Amino acid sequence: MENSDNGPAPAGSSAYEVPAQTRIGHVHLQVTDLDKALSFYCGILGFKLMQRFGLQAAFISAGGYHHHIGLNTWNSLGGPRARKQGAGLYHTAILYATRVELAGALQQLVTADYPITGAADHGVSEAIYLDDPDGNGVELYWDRPRAEWPLSADGEVQMYTRALDLNALLAEAV
């Protein structure tokens with residue numbers, strides 16, 4: 001069975017598409033040191049601690065949701081950092097509602113002197129890349145309005161990767 005939009009369909013599958021309003025609910029990360037992870041996610045990025053289970057797990061959120069990010073040391077306490085080669089999570093993407101909000105997050109990173117590993121304008125979005133204390137990739141981004149997304153002549157989204165002017169972004173921080 002061939003699915004023209006997404007390549008070959010797995011054997012035995014139908015043409016089912018996930019509903020358009022479906023969202024990724026949360027990410028749960030294994031970390032080596034819960035306090036170090038909380039210092040980054042809560043202390044620098046500004047998430048709120050919702051619940052903590054000793055040195056084993058914590059659940060953090062934006063806006064009082066039960067949790068957007070779970071952190072645990074169940075299989076990783078004191079272990080090595082996340083590896084960059086091989087299968088696994090490439091990054092967790094944190095979506096900001098506006099460019100001004102993304103600028104505020106960038107200002108937090110600059111104030112904390114936290115290292116940024118990259119920044120890009122993807123046409124549909126602008127993104128800042130960094131690693132958390134355990135080497136897990138983190139993307140902070142905002143989406144441009146759909147009406148501004150670059151499209152090909154036949155209406156297909158045409159993402160790209162270009163340099164993002166971090167100074168111009170910082171100038172928008174309030």
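Residues numbered from 1 in each chain as written. Predicted model: local features only at pLDDT ≥ 70, side-chain atom pairs only at ≥ 80, totals over all residues. Heavy atoms only, no water.

An unreviewed UniProt entry lists the protein under the name VOC family protein, with Hymenobacter glaciei given as the organism.

Turning our eyes to something else, we now look at the packing of aromatic side chains. Tallied over the full model, the rule gives three aromatic pairs. Note on phenylalanine 40 and tyrosine 114: the rings are 4.8 Å apart at their centroids and 40° apart in plane angle, and the pair reads as tilted. With a gap of 74 residues between them, phenylalanine 40 in helix H1 (residues 34-44) and tyrosine 114 in the loop between helix H2 (99-111) and strand S8 (118-121) connect regions that are remote in the sequence. Pair check on accessibility: phenylalanine 40 and tyrosine 114 agree, each one buried. Taken together through their ring pairs, the aromatic side chains of Phe40, Tyr41 and Tyr114 make up a single cluster. (Phe/Tyr/Trp six-rings, centres within 6.5 Å; stacked < 30°, edge-to-face > 60°. Helix = DSSP H or I, 4+ residues; strand = E, 2+ residues; numbered from the N terminus. Buried < 20%, exposed > 50% of the residue type's maximum accessible area, 1.4 Å probe, protein only.)

Turning our eyes to something else, we now look at a nonpolar patch on the surface. A cluster of nonpolar side chains, Leu151, Val157 and Met159, forms an exposed patch at the surface whose accessible area comes to about 300 Å². Tracing the sequence through the fold places leucine 151 in the loop between strand S10 (137-143) and strand S11 (162-163). (Patch = residues over 30% accessible without salt bridge, like charges linked within 9 Å, V, L, I, M, F, W, Y side chains within 5 Å. Areas by Shrake-Rupley, 256 points an atom, 1.4 Å probe, with all protein chains shown as cover. Salt bridge = Lys/Arg side-chain N within 4 Å of Asp/Glu carboxyl O.)

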